[in-house]
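Chain and residue survey
Below, each chain spelled out in residue letters.
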Amino acid sequence: MLQVPRGTQDILPEESYKWQFIEQRLYDIVKAYNYQEIRTPVFEATELFVRGVGGSTDIVNKEMYTFKDKGDRSLTLRPEGTASVARSYIENKMQHNVEQPIKLFYIAPMFRYERKQKGRYRQFVQFGVEAIGVEDPLIDVEVISMLMNIYKSFGLKSLNLKINSIGDMESRSKYNEALVEHFSPRIGEFCEDCQSRIHTNPMRILDCKKDRDHELVKTAPRMYDYLNDESKAYFEAVKSKLEDLNIEFEVDYNLVRGLDYYTHTAFELMSNAEGFGAITTLCGGGRYNGLLEMLDGPSETGIGFALSIERLLLALEAEGIEIPNDKGLDLYICTMNDQARSVAASLLHKLRERYISADMDYENRKLKAQMKDADRKNARHTIVLGEDELNSESVDLKNMDTGEVSRVSFDEIITKLEDL
Ligand code: ATP
Ligand code: MG
């Protein structure tokens, strides 16, 4: 039997209403924050991710779906959104737009060749935002507050926002030297990845999932102590403005972002909910001040985050929060004979033109079975079309919630339902 590829899933009608609800909520929230949607291709030149995500990352080293097209070009299914947005920003010269910062969002499938586990898919949908062109703690706070608003708007409570600063390039390079000095003597005790990280990106040793309990990780020098005055001031400003908005957070000095171009603010949102599973990260983000230049773009800076809908759904499930299912029909038409069926079909046509949701029986079932069907479909009103009704061109419109019945002519059905 043919099956979905490993790590992917069908989202069936029993689940898809949840996705629609979440997506609608996201659209409402980005609108409140004045972010505009950007849609970029599902595949890009492989080089974009190698340069934009970074050759020392798991994404580039292990997780990309890369293929050659018939023209011998190396293409990759996008594993994340930021690099594509940056490419588009540069290509469309958005730095010259009058309105700044450029505030963008996307909701799109991402592809990573990963080991499948709860909350980890090979195709998953990320919602992400990027604010590019202004470096100001207020923008960092705007982005973080949007993130918190999203999760809180669903009623989630077991949330833990962690933030850190990884400083500017100058602070980082001093810090990296300190880390090399700290880890080098005993790097042999670390995993293979860390043994190469110490040369490519020592900060990522702090982020290693295998070695996180190693004593040297716990005693590692703190980034904070290596921040220069400017970086420190930026971090302090972000923290105090978060406090102004009553956004709770925890400073985690070991929080780093895996990618080379991150600077200053880094953050992650975790779920503490029991039953969430081994992976607790809901969302990650941070400021990037080197990315656009790395892609031969202008020296503009940005900040963004990305979350996956899959993990948001897991968090909702873990906290027992249900998404309202407003599936249901405005009207279900029961029919007693063939003539009634064709009258019903024309009536449906008119109703649907006015966005009134309506349906009928297509299986020639008995009246009782049709009523059952109406119930299953959550019909708010029903009518029965039989000989009498056809002769008098009127029906009893029944409100299924109250049981109330009113006699209306065929012509009145539409206006009556529109009013309701
Ligand atoms: P992780 O440490 O869990 O692998 P990551 O650092 O690879 O996460 P990012 O690249 O920062 O994650 O992606 C941002 C968000 O996208 C994550 O916080 C998570 O919510 C989600 N995400 C990442 N990978 C997957 C996946 N394979 N399946 C579902 N959601 C994912
Ligand atoms: Mg990952």
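The structure displayed is predicted, hence computed values, not measured ones.

1. Some thoughts on the packing of aromatic side chains
Counted under the stated rule, the structure contains 10 aromatic pairs. Consider the rings of Y27 and F105, whose centres lie 6.0 Å apart with planes at 70 degrees: the pair is edge-to-face. Of the two residues, Y27 is situated in helix α1 (residues 13-32) and F105 in strand β5 (residues 102-111); the sequence distance between them amounts to 78 residues. For F105, a relative accessible area of 4% corresponds to the buried category. Seen in terms of ring centroids, F105 and F127 are 6.1 Å apart; in terms of plane orientation they differ by 40 degrees. Their pairing is tilted. Of this pair, F105 sits in strand β5 while F127 sits in strand β6 (residues 123-132), and the two are 22 residues apart along the sequence. On the accessibility criterion, F127 (0% relative accessible area) is buried. Among the aromatic residues, those joined into a ring-pair cluster are Y27, F105, F127 and F305. The lysine or arginine in question, R122, covers the ring of Y113, its NZ or CZ lying 4.1 Å from the ring centre.

2. Remarks on the UniProt feature "binding site: L-histidine" (unreviewed entry) in the chain
In this structure's numbering, the residues bearing the UniProt feature "binding site: L-histidine" (unreviewed entry) are E80, G81, T82, R112, Q126, E130, R257, Y261 and Y262. When you line up the elements, T82 lands in helix α4 (residues 82-91). Residue T82 is classed as buried on the basis of its relative accessible area of 9%. Mapped onto the elements, Y262 comes out in strand β9 (residues 262-271). If sequence neighbours within four positions are ignored, Y262 has contacts with I166, R172, R257, G285, G286, R287 and Y288.

3. What about the domain arrangement of the chain?
Entries for the chain in the domain assignment read domain 1 (13-168 + 228-318), domain 2 (169-221) and domain 3 (331-419). Centre-to-centre separation of domain 2 and domain 3, based on C-alpha positions: 70 Å.

4. Some details on the site of ligand 1
In the vicinity of ligand 1, 16 residues are found, and the nearest of them are E114, R120, Y121, L282 and S308. Measuring from an oxygen atom of ligand 1, one finds a side-chain N or O atom of R120 at 2.8 Å. One of the side-chain N or O atoms of K209 is found 2.9 Å from an oxygen atom in ligand 1. Burial of ligand 1 by the protein amounts to 86% of the accessible area it has alone, namely 590 Å². Those elements giving two or more residues to the shell around ligand 1 turn out to be β6, β10 (281-288) and β11 (302-308). Among the elements that line the shell around ligand 1, the one with the most residues is β10, at 4 residues.

5. Description of a negative patch on the surface
A contiguous patch of negative charge, built from E135, E170, D229 and E230, is present on the exposed surface. Mapped onto the secondary structure, E230 falls in helix α9 (residues 229-244).

6. Description of the sheet that holds strand β16 (residues 405-409)
Strand order in the open sheet made by the 5 strands is β13-β12-β14-β15-β16, with mixed pairing throughout. The two strands at the open ends of the sheet, each matched to only one other strand, are β13 (358-360) and β16. Ignoring strand direction, the axes of neighbouring strands in this sheet form an average angle of 25 degrees. Examined bridge by bridge, strand β15 (residues 394-399) and β16 share 5 bridges and lie antiparallel to one another. Bridge pairing in β16 links S394 to S409. Relative to the sheet, helix α12 (residues 338-353) contacts β12 (331-335), β13 and β14 (381-385), its axis offset from that of β13 by approximately 165 degrees. Its contacts with the sheet place helix α15 (residues 410-419) against β12, β14, β15 and β16, and it is angled at close to 120 degrees to β16.

7. Notes on the nonpolar core
In this structure, F127, Y151, F183 and F305 are the most contacted members of the largest nonpolar core, which totals 95 residues. Composition of this core by domain shows at least three residues from each of domain 1 (13-168 + 228-318) and domain 2 (169-221). Other than its neighbours up to four places away in sequence, Y151 contacts L156, L159, L269, L282, C283, L307 and L312. Core analysis: the second largest hydrophobic core is formed by 20 residues, I333, A340, A344 and I383 among them.

Rules used throughout
Residues numbered from 1 in each chain as written. Chains lettered and ligands numbered in written order. Predicted model: local features only at pLDDT ≥ 70, side-chain atom pairs only at ≥ 80, totals over all residues. Heavy atoms only, no water. Phe/Tyr/Trp six-rings, centres within 6.5 Å; stacked < 30°, edge-to-face > 60°. Helix = DSSP H or I, 4+ residues; strand = E, 2+ residues; numbered from the N terminus. Buried < 20%, exposed > 50% of the residue type's maximum accessible area, 1.4 Å probe, protein only. Lys NZ or Arg CZ within 6 Å of the ring centre and 35° of its normal. UniProt positions renumbered as here; feature names shortened; annotations may be inferred. Contact = heavy atoms within 4.5 Å. Domains from an automatic or database assignment. Near = heavy atom within 4 Å. Polar contact = N/O pair within 3.5 Å; in protein donor to acceptor, adjacent residues only side chain to side chain. Areas by Shrake-Rupley, 256 points an atom, 1.4 Å probe, with all protein chains shown as cover. Patch = residues over 30% accessible without salt bridge, like charges linked within 9 Å, V, L, I, M, F, W, Y side chains within 5 Å. Salt bridge = Lys/Arg side-chain N within 4 Å of Asp/Glu carboxyl O. Lys, Arg positive; Asp, Glu negative; His and termini not counted. Charge placed at Lys NZ, Arg CZ, Asp CG, Glu CD. Pairing = 2+ DSSP bridges. Axes fitted to C-alpha atoms, helices over the stretch in contact; angles between N-to-C directions. Core = buried A, V, L, I, M, F, W, Y, C linked by side-chain atoms within 4.5 Å.

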